Amino acid sequence: MLADIASNLSLGLSVAASPEGFLFLVIGAFLGMIVGLFPGFGPAAGIAVLIPMTFGLQPTIAIIMLAGIYYGSMYGGTITSILINTPGESATVASTIDGYPLAQKGRAGPALVMQAIASFFGGTIGVILITALAPSLANFAASFGPSEYFLIIAVGLLMLTTMMGDNKFKGFISALIGFAIGTIGVDVMSGQQRYTFGSPELIGGVYFVAVAIGLFGIGELLHCIFNGQHRQPAKRLRISFRDKEFWPSRNDYHESRWTFWRGSAIGFVAGVLPGSGATLGSIIGYSVEKKVAKDPEKFGKGEMRGLVAPEAANNAASAGAMVPLLSLGIPGSGATAVLLGAFLMWGLQPGPLLIVNDPEFVWGLIASMYLGNMILIAMSIFAIPLFVKFLDIPYVNVVPVIVLLCVIGAFAINASIVETWILVLSGLVGFAMKKYGYSPAATVLALVLGSMAEETFLQTYIISQGTMNLFWERPVSLVLSIVLLTVIVTPIALSILSRIKGGTSKMNKGTP
Amino acid sequence: MIKRRTFTLTAAAVASIAFAMPVAAEDYPSERLTYTIAFGPGGGNDRMSRTVVDVLRQYELYANDIVVENREGGSGAVGFSYVSRKAGDPYRLTSTSGNFIGTPLVADTDWTYADFTPIGLLASDAMLLVVRSDSDFGDVDAFVDAANAGRVTIAGSGSAGPERVTAALFAKAAGIEFEYVPIGSGGELVTALTSGSVDAVVANPSEVSGQLEAGTLTALAFSDSARSTNNPDVPTFKELGYDFSFSLPRGIVMPNDLDPAVQDWWIATLKKVIETPEWQEYLVTNGMSGNPIWGDEFAAYLAETSAQYRATLVEIGAITE
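Residues numbered from 1 in each chain as written. Chains lettered and ligands numbered in written order. Predicted model: local features only at pLDDT ≥ 70, side-chain atom pairs only at ≥ 80, totals over all residues.

Peer 1: Before we move on, could you go through the overall build of chain B and cite the residues and values that matter?
Peer 2: Of regular secondary structure, chain B possesses 11 helices and 11 strands. Scored against the burial criterion, the 321 residues of chain B give a buried share of 54%. Expressed as a percentage of contacts within chain B between residues at least 6 apart in sequence, the contacts between residues at least 24 apart total 76%. (Helix = DSSP H or I, 4+ residues; strand = E, 2+ residues; numbered from the N terminus. Buried ≥ 20, exposed ≤ 12 C-beta atoms within 10 Å, placed from the backbone. Contact = placed C-beta atoms within 7 Å.)

See the structure below:
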């Protein structure tokens, strides 16, 4: 087993570490970071646009570069989450919850360093797991049908409650808004249109990117202007590598030493399952972290563990998503679907036989991901002073640039003005949510997960003839159902128990 | 106001009479071409369009710049609507696929297939009926017997897409009842089958070719009128005595109101495109059969496929007459 892995990896390294392979890996990783930086311009679009650049390259080298763009964007995507509260994609929504407050507290430098380290850790753990487990994991992913997907998504939805902030009622309202937006579009079962008002642009539903950029980006700007932040002089953040303030404190590392592991493990498992792997992974990673913490009240106010967990998770998930792609030919996300298209373009047939027929390709790609993560952590850390400089610019000058980026990002989704209107509208809603203490993160995630939950539930319902038997008839479903029930019942049972205990202790007090 | 419009129209007519012939014959590609893809990057329509553009560029068949743009949204509604509104513009191309026929039938779009100038059908995209190799269904007859004895579930992408039409046509020809399960994307469709959640799926060959090659899944029948060059062992439904065929147009269309010479120029050019080894390789890797038809014949094919599609959707209750 170990000897196999070693020989596979050395085969892979002979491809990935060749001068040509290394050069294009660096280019891909760099482009990926840039792609991640632009809100709304996600890895899927980035890879698609850059595919023509790879014509004339050897297929393996080309895919190594395109894969570099894919996981590189996970590093870049968080930078905007931290600095301007604007997640570029759904996988980095969870990172804004504590990332942005950290930057507001003046800890942007340590936050960026920690996110780079967490990303590196998650990404590398992910690749190590692929190397060791790829063949057996394929079977696991292949055993997932609609009922299993629904249950996994339901777990994700439950986890939403931990992100709802202090006021649970407002959190629920925020999530319900997300579910409501999610119902727009064609009904999967009947093919009927829902709430499209005859607009062809809405048939495909409301794409979450425009909503996310609006709620977070524009909403945040409006709120800052409302508070008069634009009248205040810019705080000069002088950051250099020699500065002690730049590096995370010993305490940061110490507190999150287990967070790295938990985030990576959760993210990887979520990534292996086709569907919304990195997004679900980052949400569950964040929630679990908050649940196991002894001081959950610190989360959401700039807690380092709240940033490390989703970051380790989404990078591990992006590695994990390579498992179904390479072993089954099943793309788990938009970005991996584009990669699959690229595979086909080079005549590589994804599927169970890929690893048998093209071992140089598969192992070359896996080996390149080890190197890619090392390149990316170096790049991220060296570029941080540059990104932090962004915060030195007076707010009055920053606002127009961010608005412009947001509008371009929203328009670029479909080259259509409808998304721009959705952006403006969500911007106003986002401002109101921020002002009155609602949770934009809950809205965006409910939008992403809600329609998936609806589809998979209805599929299960049809397959089991209008009953829900499938949820306990299938072994994997049964296990997931039990997990789900435990998650729901435990807190209720605990609170009842403590009430009984509280009651008895009161009684004890009452009877001297 | 009316006067002015008449003037513009007359001017345009004079201009087209005066310049149309020489423009089309000798100087035709004198401007940049915009190739609109009505779907997102990475999908089937995108792959075909980009292959055509690459061949045009590589063999210098188009003597000017070509811009490729993705206008995604509403199952093609947005992109095709955009191109249809460019009537009279000879520098616009777009690729058709299943939704080119299906979307106008199920949604309230401002275009149908008739709002385009047909150039050519470059390939047809038919569906496979696929089951797990370890299932009890050795052939289509066994599947039909099982359906008669009990209950079968067939999954496919989308609720009113070509997969559902194929499944419904098969059920009608075989006289069976089945439960249709609409499942979103290609990946989840495959795992719905491999996990044993459904009995069979109707899928595009490219979605399942890896699994077929590895032997985990087995294709029982093909919905085209002739066997696919890529899966020559898989019989067609017709051969097996289920009398129907259904395939989708992978073709190229342009906006309406074009000079016939432009249409002819593109027919001639695309005939060169499909001769290239690059195009042949595209057909093989994507599991498509190449059976090209051009111009008016393509128009007739579009009308026929649309009628067949419509009738099935009415029958299954997805749309009303």
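Resuming the write-up.
Peer 1: How would you explain the overall build of chain A if you had to name every residue and give the values?
Peer 2: Secondary structure assignment for chain A yields 22 helices and 2 strands. Out of the 512 residues in chain A, the part that is buried amounts to 57%. Counting only contacts in chain A whose residues sit at least 6 apart along the sequence, the fraction spanning at least 24 positions is 80%.

Peer 1: So what's going on with the pairing of strand S8 (residues 200–203) of chain B? Which residues, and what values?
Peer 2: All names here are of chain B. The alternating pattern of S8 places Ala200 and Val202 on one face and Val201 and Ala203 on the opposite face, and all of these are buried. Judged from the 3 bridges that link them, strand S5 (residues 128–132) and S8 form a sheet pairing that is antiparallel. What sits directly across from leucine 128, in S8, is alanine 203. Pairing between strand S6 (residues 153–157) and S8: 2 bridges, direction parallel. Along S8, the bridge assignment pairs alanine 155 with valine 201. (Pairing = 2+ DSSP bridges.)

Peer 1: Residue-level account of the confidence of the model for chain B, with values.
Peer 2: All names here are of chain B. With 90% of its residues at a pLDDT of 70 or more, chain B shows a mean pLDDT of 85. Contacts of residues 1–24 to residues separated by more than four positions or lying in other chains number 10 contacts, the stretch itself having pLDDT below 50. Prediction confidence for the complex, expressed as pTM and ipTM, is 0.72 and 0.73 respectively. (pLDDT = per-residue confidence, 0-100.)

Peer 1: Explain the domain arrangement of chain B residue by residue, including any values.
Peer 2: All names here are of chain B. As far as domains go, chain B holds domain 1 (31–125 + 247–315) and domain 2 (128–222). Distance from the C-alpha centre of domain 1 to the C-alpha centre of domain 2: 28 Å. Counting from both sides, the interface comprises 12 residues of domain 1 and, opposite them, 10 residues of domain 2. Elements that contribute at least two residues to the side of domain 1 that touches domain 2 include exactly helix H4 (98–106) and helix H11 (295–315). Ranked by residues supplied to the side of domain 1 that touches domain 2, first place goes to H11 with 4 residues. Class assignment for the residues of the side of domain 1 that touches domain 2 results in 4 nonpolar, 6 polar and 2 charged. (Domains from an automatic or database assignment. Nonpolar A, V, L, I, M, F, W, Y, C, P; charged D, E, K, R; others polar.)

Peer 1: An account of the packing of helix H9 (residues 208–226) of chain A against helix H19 (residues 417–435) of chain A is needed here, citing residue identities and associated values.
Peer 2: Residue and element names in this part refer to chain A. Where H9 meets H19, the closest approach of the two axes is 6 Å, and the angle between their N-to-C directions is 50°. The angle between H9 and H19 falls in the class oblique. For the pair H9 and H19, the crossing hand works out as right-handed. In the contact of H9 with H19, the residues fall into 14 nonpolar, 6 polar and 4 charged. (Axes fitted to C-alpha atoms, helices over the stretch in contact; angles between N-to-C directions. Parallel < 35°, antiparallel > 145°, perpendicular 65-115°, else oblique. Left-handed = near helix turned anticlockwise from the far one by under 90°.)

Peer 1: Provide a residue-level description of the domain arrangement of chain A, including the pertinent values.
Peer 2: Think of interface size as the accessible area that goes away when the parts come together; that is how it is often given. All names here are of chain A. We note that the domain assignment places domain 1 (2–473) and domain 2 (474–512) within chain A. Counting only elements with at least two residues in the side of domain 1 that touches domain 2, the list comes to helix H7 (146–159) and helix H21 (470–473). It is H7 that contributes the most residues to the side of domain 1 that touches domain 2, 7 residues altogether. Residues belonging to the side of domain 1 that touches domain 2 are distributed by class as follows: 8 nonpolar, 2 polar and 2 charged.

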